[in-house]
Amino acid sequence: MDAKIILDSKELNLILTRLCHQLIENHDDFSNSVILSLQPRGVFFGNRIAKTLREILPEAKINYGKLDVTFYRDDFRRRNEVLVPNSTEVDFIIENKKVILIDDVLYTGRTIRAALDAMLAFGRPEKVELMVLIDRRFYRHLPVKPDYVGRTVDSVSSEKVKVFWNETDGKDRIILFTPNDKKQ
Amino acid sequence: MSRLSVNHLIGIKDLTIEDIQIIFQTADNFKNVINRPIKKVPSLRDITVANIFFENSTRTRLSFELAEKRLSADVVNFSASGSSVSKGETLIDTVNNILAMKVDMVVMRHSSPGAALFLAKHTKTTVINAGDGAHEHPTQALLDAFSIREKFGKVEGVKVLIAGDILHSRVAMSNILCLKKLGAEVMLCGPSTLMPRYVEHLGVKVEYNLRKALEWCDVANMLRIQLERQDIKYFPSIREYVMQYGLNTQLLESLNKEIVIMHPGPINRGVEITSDIADHKNSIILDQVENGVAIRMAILYLLAGKVEG
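None of the values given here were measured: they were computed from a predicted structure.

J.: Could you clarify how one ought to interpret the overall build of chain A in this entry?
T.: In terms of helices and strands, chain A carries four helices and eight strands. Reading chain A from its N terminus to its C terminus gives the helix and strand order β-α-β-α-β-β-α-β-β-β-α-β. Once the C-alpha set of chain A is aligned to its principal axes, its extents read approximately 50 × 40 × 30 Å. Evaluated residue by residue, chain A yields a buried proportion of 38% over its 184 residues. The contacts in chain A between residues at least 6 apart in sequence include a share of 69% that link residues at least 24 apart.

Spelled out as structure tokens, the structure:
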């Protein structure tokens with residue numbers, strides 16, 4: 001595997017700040033908006049977004065929750081492993097709110113489809129938007145398009161994009177792994 | 001880590017500690033799901049489950065049916081009364097006919113110990129044991145241990161008393177095995193005639209005095225007398241049993257500590273526990289029922305992942 005750093009810690013912080021300002025542009029003081037990050041890996045990104053937003057808007061009350069989509073996936077019984085779920089923490093009402101879904105990497109779009117289903121169990125939102133840190137824009141299986149993107153990455157399906165976080169991996173960075181035999 | 005070591009749920013005996021932990025972890029999430037405005041998830045939408053009950057049941061059957069429906073499975077129900085069993089059809093023929101209608105999983109209760117294992121060996125389906133005679137009732141034991149874990153934050157080291165008709169109780173057997181696996185201390189209490197022989201070999205304490213047993217425990221699981229399984233008289237009269245082994249408020253309040261009351265149902269009010277004990281603030285009987293749905297959802301979900309599509 002050949003590893004290439006797509007984003008380092010400094011670039012990531014710039015992107016976080018930019019994305020937060022884009023959110024504020026569209027959601028004002030967040031009184032009518034809620035943020036849901038997707039378990040398990042989208043939560044680290046969501047936590048950073050929520051933290052940065054609270055720093056920029058100390059007065060605003062930002063509703064931030066975590067959504068697990070395991071039970072709504074369309075690949076249950078098509079994998080070798082049964083997926084064990086993560087916790088869902090949604091302590092607010094999403095009925096008639098603007099929901100911002102947050103995940104780290106958007107690839108096939110299937111997780112987002114499951115997330116839309118999972119979210120509807122909590123009510124009918126007025127509008128749903130999608131924010132992703134990395135958009136692997138090729139090989140989408142479903143018509144899913146993000147509204148806010150950290151970085152767009154052109155990659156082939158044999159490659160892997162992995163997001164590492166300071167909280168779990170000791171350092172913030174995003175790496176594109178390419179199998180050696182595919183390298184020209 | 002995320003895979004059960006078994007393909008069927010026949011008894012607690014076959015489960016590893018890791019299996020039980022995976023079931024609990026999954027049940028935590030399903031408990032969250034069943035407390036949402038929309039209590040249904042689509043996980044088992046391509047699975048059909050048959051609930052085959054050769055013995056009477058209220059809670060277990062309803063609980064399984066709700067669990068299946070909340071996972072979006074298709075459900076068919078079968079009870080022996082009113083079926084062709086009375087015309088002399090055998091168990092395997094009955095089940096194979098149901099399976100020929102493309103059923104993926106079977107939940108079965110039967111009065112013969114070993115019926116679930118027999119079915120798992122001789123048919124091509126996933127079997128969940130909902131009680132086989134006086135042998136095992138694994139989902140009840142799992143929901144009891146799950147309720148203890150919820151109340152105390154852990155099962156390890158908790159002192160659990162199981163009192164009543166131990167001899168005829170599949171709940172007692174499965175509970176002993178499950179609680180011992182999870183590191184709880186277990187004591188049994190009941191008339192000596194209703195105590196199985198050599199039960200100490202399972203690593204449990206035996207006490208014949210209910211007051212002493214209650215003084216020892218943190219949780220008391222009060223079992224019903226299974227008159228339907230008693231072919232001879234095991235004690236002189238119900239009245240005498242109540243005086244010796246019935247739990248009432250006076251006895252509970254004379255203890256120098258608070259204990260949690262559990263009961264697997266159905267309750268015979270005024271026999272093993274009085275009415276006010278059943279409704280007492282320390283009783284978690286209805287929490288057990290709620291947790292039963294979450295536990296059964298977890299088991300169905302984890303086993304369905306192994307059904308060939």
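What follows continues from the structure just given.
J.: Honestly, the sheet that holds strand S5 (residues 159-163) of chain B in this entry has me stumped. Any pointers?
T.: Residue and element names in this part refer to chain B. Sheet architecture is open: five strands sit in the order S7-S6-S5-S8-S9, paired in parallel fashion. In the strand order of this sheet, the two ends are held by strand S7 (205-207) and strand S9 (260-262), each with one partner. The average angle at which neighbouring strand axes cross in this sheet is 25°, direction not considered. Relative to S7, strand S6 (residues 185-189) runs parallel, the two being bridged by three bridges. Looking at the pairing, methionine 187 lines up with lysine 205 of S7.

J.: Can you help me understand unusual backbone geometry in this one?
T.: Outside of glycine, negative phi angles account for most residues, and trans bonds account for most peptide bonds. In this structure, proline 40 of chain A follows glutamine 39 of chain A across a cis peptide bond, with omega equal to -5°. Secondary-structure assignment places proline 40 of chain A in the loop between strand S2 (33-38) and helix H2 (42-56). For the bond from glycine 265 of chain B to proline 266 of chain B, the omega torsion is -10°, close enough to zero to count as cis. Following the sequence through the fold, proline 266 of chain B ends up in the loop between S9 and helix H10 (275-278). Here serine 72 of chain B, not a glycine, exhibits a phi torsion of approximately 70°, which is positive. Within the element layout of this structure, serine 72 of chain B appears in the loop between helix H2 (59-70) and strand S2 (74-79). Notably, tyrosine 198 of chain B is not glycine yet its phi reads approximately 60°, a positive angle. Structurally, the position occupied by tyrosine 198 of chain B is in the loop between S6 and S7. What makes tyrosine 198 of chain B exposed here is the crowd of 6 C-beta atoms within 10 Å.

J.: Whenever I open this one, the interface of chain B and chain A confuses me. Can you help?
T.: How big an interface is tends to be expressed through the accessible area that disappears when the partners come together. Taken together, the contact between chain B and chain A spans 19 residues of the former and 16 residues of the latter. Within the residue set of the side of chain B that touches chain A, elements represented by two or more residues are helix H1 (17-33) and helix H11 (285-304) of chain B. Looking at the side of chain B that touches chain A element by element, the count peaks at six residues for H1 of chain B. A breakdown of the residues in the side of chain B that touches chain A according to their chemical character gives nine nonpolar, eight polar and two charged.

J.: Explanation requested: the pairing of strand S8 (residues 173-178) of chain A in the structure shown.
T.: Put simply, side chains in a regular strand alternate between the two faces of the sheet. Residue and element names in this part refer to chain A. Of the pairings in the sheet, the one linking strand S1 (residues 2-7) to S8 comprises five bridges and is antiparallel in character. Among the inter-strand pairings, lysine 4 is bridged to a residue of S8, identified as leucine 176. In terms of strand pairing, strand S7 (residues 160-164) meets S8 through five bridges, oriented antiparallel. Each residue of the ladder has a partner; that of lysine 162, found in S8, is isoleucine 175.

J.: Sorry, what's going on with the confidence of the model for chain B here?
T.: The predicted structure's coordinates, where accompanied by low pLDDT, should not be read in detail. This prediction gives chain B a mean pLDDT of 93; 99% of its residues lie at or above 70. Taken together, the chains of this predicted complex give a pTM of 0.87 and an interface ipTM of 0.75.

J.: Could you clarify how one ought to interpret the sheet that holds S8 of chain A in this entry?
T.: Within a sheet, neighbouring strands are paired by backbone hydrogen bonds and run either parallel or antiparallel to one another. Residues and elements named next belong to chain A. The sheet built from three strands is open, its strands ordered S1-S8-S7 with antiparallel pairing. Each edge of the open sheet carries a strand with a single partner, namely S1 and S7. Along the sheet, successive strands turn relative to each other by an average axial angle of 30°, direction set aside.

J.: I tried to follow the packing of H1 of chain B against helix H5 (residues 138-152) of chain B on my own but got confused; where do I start?
T.: Working note: a packed helix pair is described by the angle between its axes plus the distance between those axes. Residues and elements named next belong to chain B. Relative orientation of the contacting elements H1 and H5 amounts to 65°, with a least axis distance of 11 Å. On the basis of the axis angle, H1 is roughly perpendicular to H5. As for the relative orientation of H1 and H5, their crossing is right-handed in sense. In this structure, H1 contributes Ile20, Ile23, Phe24 and Ala27 to the contact, and H5 contributes Leu142, Phe146 and Arg149. When grouped by side-chain class, the residues that make up the contact of H1 with H5 number six nonpolar, no polar and one charged.

J.: What should I look at first to understand the packing of H5 of chain B against H11 of chain B in this one?
T.: Residue and element names in this part refer to chain B. At a minimum axis separation of 8 Å, H5 and H11 run at an interaxial angle of 120°. Between H5 and H11 lies a crossing whose hand is right-handed. Listed contacts from H11 to Thr139, Leu142, Leu143, Asp144, Phe146, Ser147 and Glu150 of H5 are Asp287, Gln288, Asn291, Gly292, Ile295, Arg296 and Ile299. Its residues placed into classes, the contact of H5 with H11 shows five nonpolar, five polar and four charged.

J.: Could you clarify how one ought to interpret the pairing of strand S5 (residues 127-136) of chain A in this entry?
T.: All names here are of chain A. Burial within S5 is extensive, with seven of its 10 residues counted as buried. Pairing of strand S4 (residues 98-106) with S5, which is carried by eight bridges, proceeds in the parallel orientation. Among the inter-strand pairings, isoleucine 100 is bridged to a residue of S5, identified as glutamate 129. Of the crossover connections in this fold, the one passing from S4 over helix H3 (residues 110-120) to the parallel S5 is right-handed. Alignment of S5 against strand S6 (residues 148-153), held across five bridges, turns out to be parallel. Pairing of methionine 131 across the sheet is with tyrosine 148, part of S6.

J.: Honestly, H3 of chain A in this entry has me stumped. Any pointers?
T.: Quick reminder: α-helices carry 3.6 residues per turn. Residues three or four places apart thus point the same way. Residues and elements named next belong to chain A. Of the positions making up H3, those classed as buried are Thr111, Ile112, Ala114, Ala115, Ala118 and Met119. For H3, the buried positions fall inside an angular range of 155° around the axis, keeping them on one side. Tucked into the core, H3 has its buried residues touching S2, strand S3 (63-67), S4 and S5.

J.: It is not clear to me how H2 of chain A should be interpreted in this structure. Could you clarify?
T.: Residue and element names in this part refer to chain A. Spanning 15 residues, H2 covers 21 Å between terminal C-alpha atoms, matching the ideal 21 Å at 1.5 Å per step. Within H2, burial applies to Gly42, Val43, Phe44, Phe45, Gly46, Arg48, Ile49 and Leu53. For H2, the secondary structure elements touched by its buried residues are helix H1 (9-27), S2, S3, S4, S5 and helix H4 (166-169).

Conventions we followed
Residues numbered from 1 in each chain as written. Chains lettered and ligands numbered in written order. Predicted model: local features only at pLDDT ≥ 70, side-chain atom pairs only at ≥ 80, totals over all residues. Helix = DSSP H or I, 4+ residues; strand = E, 2+ residues; numbered from the N terminus. Buried ≥ 20, exposed ≤ 12 C-beta atoms within 10 Å, placed from the backbone. Contact = placed C-beta atoms within 7 Å. Pairing = 2+ DSSP bridges. Axes fitted to C-alpha atoms, helices over the stretch in contact; angles between N-to-C directions. Nonpolar A, V, L, I, M, F, W, Y, C, P; charged D, E, K, R; others polar. pLDDT = per-residue confidence, 0-100. Parallel < 35°, antiparallel > 145°, perpendicular 65-115°, else oblique. Left-handed = near helix turned anticlockwise from the far one by under 90°. Right-handed = clockwise from strand over helix to strand, strands pointing away. Arc of directions from axis to C-beta. Expected span 1.5 Å × (residues − 1).

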